[in-house]
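For reference, the chains in residue letters:
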Amino acid sequence: MTAPLTPPQPPHRPSPDQQSPEYQSPHPAWQASPPAAAGAGGSVGYQEDGPGMKTEVREAAVIAFAMAVGGVLLGVLWWWLAPEVPLVSDASAVYLKDTEGEQAIAVDGTFTLLALGFGLVSALVVFALRRRGGIGVVVALTVGGVLGSLLAWRLGVWLGPTQDVAAHAREVGRGVTFAAPLELEAKGALLAWSVAALVVHLGLTALFGPRDPEPDPYQQSPYGAPPA
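Reading the values: the criteria
Residues numbered from 1 in each chain as written. Predicted model: local features only at pLDDT ≥ 70, side-chain atom pairs only at ≥ 80, totals over all residues. Heavy atoms only, no water. Phe/Tyr/Trp six-rings, centres within 6.5 Å; stacked < 30°, edge-to-face > 60°. Helix = DSSP H or I, 4+ residues; strand = E, 2+ residues; numbered from the N terminus. Buried < 20%, exposed > 50% of the residue type's maximum accessible area, 1.4 Å probe, protein only. Core = buried A, V, L, I, M, F, W, Y, C linked by side-chain atoms within 4.5 Å. Contact = heavy atoms within 4.5 Å. Pairing = 2+ DSSP bridges. Expected span 1.5 Å × (residues − 1). Patch = residues over 30% accessible without salt bridge, like charges linked within 9 Å, V, L, I, M, F, W, Y side chains within 5 Å. Areas by Shrake-Rupley, 256 points an atom, 1.4 Å probe, with all protein chains shown as cover. Salt bridge = Lys/Arg side-chain N within 4 Å of Asp/Glu carboxyl O. pLDDT = per-residue confidence, 0-100. Axes fitted to C-alpha atoms, helices over the stretch in contact; angles between N-to-C directions. Parallel < 35°, antiparallel > 145°, perpendicular 65-115°, else oblique. Left-handed = near helix turned anticlockwise from the far one by under 90°. Nonpolar A, V, L, I, M, F, W, Y, C, P; charged D, E, K, R; others polar.

Q: Lay out the packing of aromatic side chains in plain terms, naming residues and giving numbers.
A: By the definition in use, this model includes 2 aromatic pairs. When the centroid spacing of 5.1 Å and the interplanar angle of 80° are considered together, the rings of tryptophan 78 and phenylalanine 111 count as edge-to-face. Of this pair, tryptophan 78 sits in helix 1 (residues 43-81) while phenylalanine 111 is found in helix 2 (residues 103-129), placing the two residues 33 residues apart along the sequence. Classification of tryptophan 78 by relative accessible area gives buried; the value is 0%. Ring geometry for phenylalanine 118 against tryptophan 193: centres 5.3 Å apart, planes inclined by 70°, an arrangement best described as edge-to-face.

Q: Break down the nonpolar core for me, citing the residues and quoting the values.
A: Residues Leu74, Trp78, Phe111, Leu141, Trp153 and Leu184 are the most contacted members of the largest nonpolar core, which totals 31 residues. Looking at this core, the elements that each hand over two or more residues are helix 1, helix 2, helix 3 (135-159) and helix 5 (192-208). When sequence neighbours within four positions are dropped, the list of residues in contact with tryptophan 78 reads Val107, Thr110, Phe111, Leu114, Ala152, Trp153, Gly156, Val157, Leu182, Glu183 and Leu184.

Q: Could you give an account of the sheet that holds strand 3 (residues 178-179), with specific residues and numbers?
A: On the basis of which strands lie adjacent, the open sheet formed by 3 strands has the order 2-1-3 and antiparallel pairing. Each edge of the open sheet is held by one strand with a lone partner, namely strand 2 (94-96) and strand 3. Where strand 1 (residues 86-89) meets strand 2, 3 bridges bridge the pair, whose relative direction is antiparallel. Bridged to valine 88 within strand 2 is tyrosine 95.

Q: How would you explain helix 2 if you had to name every residue and give the values?
A: In this model helix 2 runs 39 Å from its N-terminal to its C-terminal C-alpha over 27 residues, within 8% of the 39 Å that 1.5 Å per residue would give. Buried within helix 2 are the following residues: Val107, Asp108, Thr110, Phe111, Leu114, Ala115, Phe118, Gly119, Ser122, Ala123, Val126 and Phe127.

Q: Got a sec to walk through a nonpolar patch on the surface? Specific residues and values, please.
A: Together, Val72, Val76, Trp79, Trp80, Leu81 and Leu151 line one region of the surface with nonpolar side chains, adding up to about 580 Å² of accessible area. Structurally, leucine 151 can be placed in helix 3.

Q: Hey, could you go over the side chain of histidine 201 for me, with residue numbers and the actual values?
A: The topology assignment puts histidine 201 in helix 5. Ignoring sequence-local partners within four residues, the contact set of histidine 201 consists of Ala123, Val126, Phe127, Arg130, Gly133, Val137 and Leu141.

Q: Run through the confidence of the model for the protein chain, naming residues and quoting values.
A: Per-residue pLDDT for the protein chain averages 78, and the proportion of residues at 70 or more is 70%. Confidence drops under pLDDT 50 across residues 27-51; counting only partners more than four residues distant or on other chains, this segment forms 2 contacts.

Q: Residues and numbers for the packing of helix 3 against helix 5, please.
A: Helix 5 packs onto helix 3 with a crossing angle of 150° between their chain directions and a minimal axis gap of 7 Å. For the element pair helix 3 / helix 5, the angle class is roughly antiparallel. Seen from above, helix 3 lies across helix 5 with right-handed handedness. Contact residues: helix 3 offers Val137, Val138, Leu141, Thr142, Gly145, Val146, Gly148 and Ser149, while helix 5 offers Trp193, Ser194, Ala197, Leu198 and His201. Classifying every residue of the contact of helix 3 with helix 5 gives 7 nonpolar, 6 polar and no charged.

Q: Kindly report on the pairing of strand 1, identifying the contributing residues and their values.
A: Two elements, strand 1 and strand 3, share 2 bridges in a ladder whose sense is antiparallel. Along strand 3, the bridge assignment pairs proline 86 with alanine 179. Counted between consecutive antiparallel strands, the loop separating strand 1 from strand 2 contains 4 residues, among which alanine 91 sits at a positive phi close to 75°.

Q: Go over the environment of alanine 66, please, and point to the residues and values.
A: Along the polypeptide, alanine 66 turns up in helix 1. Accessibility expressed as a relative area gives 48% for alanine 66, which makes it partly exposed. Sequence separation between alanine 66 and alanine 140 is 74 residues; the distance between their C-alpha atoms is 9.8 Å.

Okay, structure coming up:
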């Protein structure tokens, strides 16, 4: 009795292209992992967010600068439309000619109404040029309105009658009526422009702004379909 000369052959294992669909590899680590969803993370998301943030900051700066420059027109209109507060001197002191007059209140009211109108116009223009809103627009409307109001206030005071009341009284003489300096007693009026712009822009965005698309409940998730 003799032993066979050839060693026993291992059982035949089919190649991957010959395997049936039911066949699964005994080494799951060799299987390729599913590709990551686009935009889920990594450098792609940062590359998309960078230019958008820069654009938003640039647009906000332009809006705030334009509103601040618009304060020049507000100051000129305030100086032109605000009523004069009459004063009179008796060579020893300066008094209000009409102690029961409401000219001083009308000066503050004129500034407030003009600022509200400027806020309305600012919101309409900004919404017409940039409908999607955003935190940048909110900051720009707030800062621009305050800067424009401050510039208008100081410009109106500078254009109005002199601040040296005593010298002005000596110049015009005793018993002669002259105009008091242009003053803004109600400092809260400096916020009227910003408040009006924010309220109007918020209303326009809520009524006519773009809407976010509704999520598709049947969209296939990268992690598989949800359980029934």
